[in-house]
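Residue-level structural notes
The chain contents come next:
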Amino acid sequence: MTDPVTPDTLPTVAHFGLPSDSGGRDIGIFMPMANGGWIISRNSPRLDGSYEYNLKVAKLADELGLDFIMAMAKFKGYGGEIQHWESSLDSPLMMAGLAQATSRVKVWATIHTLLQNPAVAAKMIATLDQISHGRAGLNVVTGAYRGEFAQMGAWPEGVDHDERYVLATEWIEAIKRLWTEDSVSSQGKYFTLDDCTSWPKPQQRPFLVCAGTSKAGVRFTAEHMDALFLAGNNLEELIANTHKAKAGALELGHAIRTYSMMILVIGETDAEAEAMVQSYRDGLDEETLWGMMRAYGMLDGEIGKENDFTRKARSALMAPHVAGSPETVLAQLTEIFEKTALDGLMVIFPDYLSMLPVFAEKILPVLRARFPGKIKEAAHV
């Protein structure tokens, strides 16, 4: 039983040099570090997932005033005609390179708790922190898809969904101690540290984010993370999910930032943007869709049955999207920020190099003006 949260006892968020430190909105980029990006279509721009392409995107994000860049971690793709996500870069290594090539944008890497020992992960992110001069962040992924990890003998039998958060709690607690203590000894259910040392320490505690939205996931995020990624099939769901997550965290005596992910399809006109979306739908790679459904644990015999998942997937876009002219996209993003309690968006583009500059010129400055947030000096937490 926790003590009731009142206005006088509301928890405060740590400062990380982000607009959301003081009520603004953080806007960042989900990096295209796997081939195909987030559209499973034969008609979408052919993103190759290469370091050179990601380097160009990172430099643009840095120059154009985005707040963060984040890269997922992926080890097995979905196949199909387009061989979607069959080629992907290592997340921490890529972000280290991009940290060296940028100067102000935050750089957040992804690590799976099931794959990396906490002492190894602690040193990797501390190294990223040093390379980036304090801009590092860690996206913690507690689960995976069985086939992705079984291929390398790394799928732990008997560790179900909620138990993975028990493992993740041990994992992140060990990392935080290694970032701050001279030596760590602990005997847990999943990890053992014996007079374990980890130097150098981060300049400041790296930003921590997770995408767990189950009851166990929200508890883990509220107790150990700084931000939560969540989604909704429509604006009403996004409003409800955001408020539910924040309320759940407050009940535990914590405050968390909430982010969502959005594909932005920007054309000169609404008609042009909608035509692009329809073209992506028309080019849906069914074999890739089947591969994705298998990865998500659906039986092959279920393919072809219509449900919320398949209806959304048949759009060929792997995340919620906003399509239209710059004015239309701005209006919809403004509505999202005004009606939800979101602290930020991580945006995706079908073609980053052509659409990101348009977003930065015609949309981002207006969002900054409408949702101002003074960036505070990062706290050493």
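Residues numbered from 1 in each chain as written. Predicted model: local features only at pLDDT ≥ 70, side-chain atom pairs only at ≥ 80, totals over all residues. Heavy atoms only, no water.

**Regarding the overall build of the chain**
For the chain, the count of helices and strands is 13 helices and 11 strands. In terms of its C-alpha atoms, the chain occupies a principal-axis envelope of roughly 60 × 50 × 45 Å. Excluding contacts between residues fewer than 6 apart, the proportion of contacts in the chain whose partners are at least 24 apart in sequence is 75%. Approximately 16,500 Å² of the chain is accessible, and the part contributed by carbon and sulfur atoms is 52%. (Helix = DSSP H or I, 4+ residues; strand = E, 2+ residues; numbered from the N terminus. Contact = heavy atoms within 4.5 Å. Areas by Shrake-Rupley, 256 points an atom, 1.4 Å probe, with all protein chains shown as cover.)

**Let's talk about helix α11 (residues 326-339)**
Between its first and last C-alpha, α11 extends 20 Å over 14 residues, near the 20 Å set by a 1.5 Å rise per residue. Within α11, the full set of buried residues consists of P326, V329, L330, L333, T334, I336 and F337. Considered in projection along α11, the buried side chains sweep an arc of 160° and stay on one side of the axis. Every exposed residue of α11 that faces more than 90 degrees away from the buried side is listed here: E327 and E338. (Expected span 1.5 Å × (residues − 1). Buried < 20%, exposed > 50% of the residue type's maximum accessible area, 1.4 Å probe, protein only. Arc of directions from axis to C-beta.)

**Some thoughts on the pattern of salt bridges**
Here the structure, examined in full by the defined rule, presents 11 salt bridges. Among the salt bridges present, the one from E81 reaches R42, with a minimum N-O distance of 3.8 Å. Of this pair, E81 sits in the loop between β2 (68-70) and α2 (91-101) while R42 sits in the loop between β1 (26-30) and α1 (51-64); the two residues are 39 residues apart in sequence, bridging distant segments of the chain. For R42, a relative accessible area of 37% gives the class partly exposed. Of the charged contacts in the structure, one is a salt bridge between E223 and R219, with a shortest N-O distance of 3.1 Å. Separated by four residues within a single helix, E223 and R219 lie in helix α6 (residues 215-224), roughly one turn from each other. Judged by relative accessible area, E223 falls into the partly exposed class, the value being 34%. (Salt bridge = Lys/Arg side-chain N within 4 Å of Asp/Glu carboxyl O.)

**Some remarks on the packing of α1 against helix α12 (residues 352-362)**
Where α1 meets α12, the closest approach of the two axes is 10 Å, and the angle between their N-to-C directions is 5°. As summarised for this structure, α1 and α12 are arranged roughly parallel, according to the angle between their axes. Across the interface between the two elements, Y53, K56, V57, L60, A61 and L64 of α1 pack against Y352, L353, L356, P357 and A360 of α12. Here the residues of the contact of α1 with α12 are counted per class, giving 10 nonpolar, no polar and one charged. (Axes fitted to C-alpha atoms, helices over the stretch in contact; angles between N-to-C directions. Parallel < 35°, antiparallel > 145°, perpendicular 65-115°, else oblique. Nonpolar A, V, L, I, M, F, W, Y, C, P; charged D, E, K, R; others polar.)

**Looking at the environment of V366**
Within the secondary structure layout, V366 lies in helix α13 (residues 364-370). Once the C-alpha coordinates of V366 and L330 are considered, the two residues, 36 residues apart in sequence, prove to be 8.0 Å apart.

**Examining the pairing of strand β3 (residues 106-112)**
Among the seven residues that make up β3, seven are buried, leaving the element largely enclosed by the rest of the structure. Burial of the side chains of β3 extends over both faces: K106, W108, T110 and H112 are buried on one face and V107, A109 and I111 on the other. Where β2 meets β3, three bridges bridge the pair, whose relative direction is parallel. Counted as the bridge partner of F68 is K106 from β3. Once you follow β2 into α2 and on to β3, the crossover reads as right-handed. Summarising the sheet, β3 and strand β4 (residues 136-141) pair through six bridges and their orientation is parallel. Note that in β4 the partner of V107 across the bridge is A136. (Pairing = 2+ DSSP bridges. Right-handed = clockwise from strand over helix to strand, strands pointing away.)

**Considerations on the environment of V218**
Mapped onto the elements of the fold, V218 is located in helix α6. For V218 and L228, which are 10 residues apart along the polypeptide, the C-alpha to C-alpha distance reads 7.9 Å. Not counting residues up to four positions away in its chain, the partners in contact with V218 are G212, T213, L228 and A245.

**Quick word on α6**
Each α-helix turn comprises 3.6 residues. Residues three or four places apart therefore point the same way. Residues of α6 that are buried include every one of G217, V218, F220, T221, A222 and H224, and no others. Among the structural elements, β4, α5 (161-180), β7 (207-210), β8 (227-229) and α7 (235-251) are those in contact with the buried residues of α6.

**A few points about the nonpolar core**
Side chains that are nonpolar tend, in soluble globular proteins, to be buried together. Grouped together as the largest cluster of nonpolar side chains are 119 residues, with contacts concentrated most on I29, I69, L264, L333, F349 and F359. In terms of residue count, α5 provides more of this core than any other element does, nine residues in total. In contact with F349, not counting residues within four places along its chain, are I29, L47, L264, I266, M355, L356 and F359. (Core = buried A, V, L, I, M, F, W, Y, C linked by side-chain atoms within 4.5 Å.)

**Brief notes about unusual backbone geometry**
Residue P200 follows W199 across a cis peptide bond; omega there is 5°. Secondary-structure assignment places P200 in the loop between β6 (192-196) and β7. One non-glycine residue, Q83, lies in the positive phi region at around 50°. Within the secondary structure, Q83 sits in the loop between β2 and α2. Of note, A316 is a non-glycine position whose phi angle comes to about 80°, a positive value.

These figures come from the coordinates and say nothing about function on their own.
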